[in-house]
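Close look at the chain arrangement
Chain by chain, the residues run as shown.
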Amino acid sequence: MTSVAYQGEYGSNSAAAAQKLFPGCTELPCTSFEQALDAVTLGSADLAVIPVDNSAAGRVADVHHLLPESGLFVIGEYFLAIHFDLVGVAGATLDQVEQVRSHVHALGQCRKVLREGGWRTLVSDDTAGAAREVAELGDPRHAALAPPAAARHHGLEVLRAGVEDDPENTTRFVVLSRDADFAPLTGAPTMTSLFFAVRNIPSALYKALGGFSSNAVNLTKIESYQMGAGLNPSCFYVEIEGHVDEPRVALALHELRFFSSEVRVLGVYPAHAHRLTERPA
């Protein structure tokens, strides 16, 4: 049976993503992203399922810094529709609520209902943990923004369902493994995750990325961060559409390596079906 580590508690969105990807898996809830990655590195878990960005809140803080340094490989991705309920203890009513707690991203994704209610907010480590805290308090003045599964798990009452600002709110998760289990080249839509550090020369990033443009390789994500005290060249986490064995991608990577001091392929994996959904113009 596959064991899967994730940040958060039972009933969290990360738990839901793990269950969707690996039905019947053994779950290993962790208090932090770093702990979840370490669980895989140390062999306590087979895989980790980690959120990397949200359609409303943007990137998940720290993850893009942790991924390249973890030594793990991306072997899959999953897009999860995100729904939040405003939940409280049994018998509570909206009129009694004075304070709402949740993860900082959930609070940011439910601004409308929070503004309407005029409630004070409190940041919790994760959404399911916020539900647990409300259950433990047993006070109708305290409520939480939590996934439906968390409310059921902790015996809470839904005061208002579906309170996310965007009905198409979606979080993208990646699956991490100790082994570089790269997807084969079959012609199916494929994603590649890369880490690179540019050389300390003028226009290094512009030149390094030029090969993607000239070879018609689409970059879907680029994140920068600084290593050390800020005197070193910047490092980048990049995701592209395509497979490393495709000629056009291979040419782009050849040019990238020429202008970089380090290039690492972190994963080659099937593109999730969500990417293939036609978006309104």
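My aim in this report is to walk through the structure given alongside it, one point at a time. (Residues numbered from 1 in each chain as written. Predicted model: local features only at pLDDT ≥ 70, side-chain atom pairs only at ≥ 80, totals over all residues. Heavy atoms only, no water.)

Attention now moves to the overall build of the protein. Helix and strand content of the protein: 9 helices and 15 strands. The globule rule puts the C-alpha radius of gyration for 281 residues at 19 Å, and the 21 Å found for the protein is close to it. Seen through its C-alpha atoms, the protein measures out along the principal axes to roughly 65 × 45 × 40 Å. Within the protein, buried positions represent 49% of all 281 residues. For the protein, contacts bridging at least 24 residues in sequence account for 74% of all contacts bridging at least 6. Across the protein, the 21 positively charged side chains and the 33 negatively charged ones have centroids separated by 4 Å. (Helix = DSSP H or I, 4+ residues; strand = E, 2+ residues; numbered from the N terminus. Rg over C-alpha atoms; globule rule 2.2 N^0.38 Å. Buried < 20%, exposed > 50% of the residue type's maximum accessible area, 1.4 Å probe, protein only. Contact = heavy atoms within 4.5 Å. Lys, Arg positive; Asp, Glu negative; His and termini not counted. Charge placed at Lys NZ, Arg CZ, Asp CG, Glu CD.)

Two measures define how a pair of helices packs: the angle their axes make with one another and the distance between the axes. Interaxial distance between helix α8 (residues 204-214) and helix α9 (residues 247-258) falls to 7 Å at its minimum, and their mutual angle equals 170°. Between α8 and α9, the angle is such that the two are roughly antiparallel. Across the interface between the two elements, K207, A208, G210, G211, F212 and S214 of α8 pack against A252, L253, E255 and L256 of α9. Of the residues contributing to the contact of α8 with α9, the split by class is 5 nonpolar, 3 polar and 2 charged. (Axes fitted to C-alpha atoms, helices over the stretch in contact; angles between N-to-C directions. Parallel < 35°, antiparallel > 145°, perpendicular 65-115°, else oblique. Nonpolar A, V, L, I, M, F, W, Y, C, P; charged D, E, K, R; others polar.)

We now examine the side chain of N13. Locating N13 in the fold gives a position in helix α1 (residues 13-21). The class of N13 is buried, set by a relative accessible area of 13%. When near neighbours in sequence (up to four residues on either side) are disregarded, N13 contacts L80, I82, F84, T127, P147 and F173.

Evaluated as defined, the whole model comprises 14 salt bridges. Two residues, D53 and K221, come together in a salt bridge whose shortest N-O distance is 2.6 Å. Highlighted residues: D53 in strand β3 (residues 47-54) and K221 in strand β13 (residues 219-225), separated in sequence by 168 residues. Just as D53 is buried, K221 falls in that class too. Residue E246 pairs with R248 through a salt bridge whose shortest N-O separation is 3.2 Å. Here the salt bridges share partners, and the residues they tie into one network are D53, R59, E77, R172, K221, E223, E239 and R275. (Salt bridge = Lys/Arg side-chain N within 4 Å of Asp/Glu carboxyl O.)

The subject of this paragraph is the nonpolar core. With 39 residues, the main nonpolar core has V100 and L145 as its most contacted residues. Setting aside residues no more than four positions away along its own chain, V100 makes contact with L86, L107, L114, W119, R120, T121, L122, A143, A144 and L145. Formed by 28 residues, the second largest nonpolar core is a distinct cluster that contains F33, A39, V74 and F195. (Core = buried A, V, L, I, M, F, W, Y, C linked by side-chain atoms within 4.5 Å.)

Here we take up the environment of G8. Within the secondary structure layout, G8 lies in the loop between β1 (3-7) and α1. Separated by 25 residues in sequence, G8 and F33 have C-alpha atoms that sit 8.7 Å apart. Ignoring sequence-local partners within four residues, the contact set of G8 consists of P29, C30 and D126.

So, on to the environment of G187. Mapped onto the elements, G187 comes out in the loop between β11 (170-177) and β12 (190-198). Using a relative accessible area of 69% as the deciding quantity, one classes G187 as exposed. Sequence separation between G187 and P68 is 119 residues, and the spatial gap between their C-alpha atoms is 27 Å.

Attention shifts here to helix α3 (residues 63-70). A large share of α3 lies buried, amounting to 6 of its 8 residues. Taken together, the buried positions of α3 are occupied by V63, H64, L66, L67, P68 and S70. One or two residues past the end of α3 sits G71, with phi positive at roughly 80°.

Moving on, we get to the sheet that holds strand β10 (residues 157-160). The strands making up a sheet associate through hydrogen bonds between their backbones, and the pairing can be parallel or antiparallel. Spatial strand order, β8-β7-β9-β6-β10: 5 strands in an open sheet with mixed pairing. Two strands bound the open sheet, and with one partner strand each, they are β8 (120-123) and β10. Adjacent strand axes in the sheet meet at a mean angle of 35° when their direction is disregarded. Here strand β6 (residues 85-88) runs beside β10; their pairing, made up of 3 bridges, is antiparallel. By the bridge assignment for β10, L86 is matched with R160. Each of β6, β7 (99-102) and β9 (142-146) is contacted by helix α6 (residues 127-137), which is oriented at about 160° to β9, the strand it contacts most. (Pairing = 2+ DSSP bridges.)

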